[in-house]
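# A look at the structure
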Amino acid sequence: MADVKQPEGTGTGTRGKRPGWNEYFSDIAHLISRRSTCMRRSVGAVLVRDKRVLATGYNGAPTGLRHCLDLGCMREDMKIPSGERHELCRGLHAEQNAIIQAALHGVSVNGATLYCTNHPCVICAKMIINAGIAEVIYKDGYMDQMAREMLHEAGVAVFQL
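Residues numbered from 1 in each chain as written. Predicted model: local features only at pLDDT ≥ 70, side-chain atom pairs only at ≥ 80, totals over all residues. Heavy atoms only, no water.

Counted by the stated rule, this structure contains zero disulfides. In this structure Cys124 is a free cysteine whose sulfur lies 3.8 Å from that of Cys121, the closest cysteine sulfur available. Judged by its relative accessible area of 0%, Cys124 falls in the buried class. (Disulfide = S-S within 2.5 Å. Buried < 20%, exposed > 50% of the residue type's maximum accessible area, 1.4 Å probe, protein only.)

Here's what the structure looks like:
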């Protein structure tokens, strides 16, 4: 597999103070991650098309359910390593929540770019592929090898900032 590429438009504005688009949307994803209710990892995601925000998401329990911050982390209690047994968690991932929010509001994400604070897991990668998301730009290297391979096979461009 090829090395991680650098996305276009990563530079700053003409005066060096204004962020480029990728930095701007990546910063928004980081800000959104602050709403996370996960005790292990705060993740934020932004779906963008034509330089417009379509939907956002952060990791946490489904709407109306108690959060891990209130109940404690079942994954910690069960000593489940990060990146394994995703189904044993009350929360949804940020990428999942962003895709669900778009669907809930009738917004197509086909051809969109997903900015995320972390590399998607394999479950999110499958959703990204089937939602028609064209590109993933992430900040941190939480790496799921199967996710990386599936995104590559599906032709989804993946870049690390």
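Summarising the sheet, strand β3 (residues 113–118) and strand β4 (residues 135–140) pair through five bridges and their orientation is parallel. Note that in β4 the partner of Cys116 across the bridge is Tyr138. Viewed along the sheet, the connection from β3 through helix α5 (residues 122–131) into β4 turns out right-handed. Sheet topology note: the β4/strand β5 (residues 157–160) ladder contains four bridges and is parallel. From the neighbouring strand, Tyr138 faces β5, where its bridge partner is Gln160. (Pairing = 2+ DSSP bridges. Helix = DSSP H or I, 4+ residues; strand = E, 2+ residues; numbered from the N terminus. Right-handed = clockwise from strand over helix to strand, strands pointing away.)

If you look at the biggest cluster of nonpolar residues, it comprises 20 residues, and the most contacted ones within it are Ala45, Leu47, Val109, Leu114, Ile128 and Ile133. Breaking this core down by element, the ones donating at least two residues are β1 (44–49), α4 (94–104), β3, α5 and α6 (145–153). The dominant element in this core, judged by the number of residues it contributes, is α4, at four residues. Setting aside residues up to four positions removed in sequence, Val109 forms contacts with Leu47, Arg49, Leu54, Ala102, Ala131, Gly132 and Ile133. Counting residues in hydrophobic clusters, the runner-up holds eight residues, among them Ala29, Tyr115, Ile137 and Phe159. (Core = buried A, V, L, I, M, F, W, Y, C linked by side-chain atoms within 4.5 Å. Contact = heavy atoms within 4.5 Å.)

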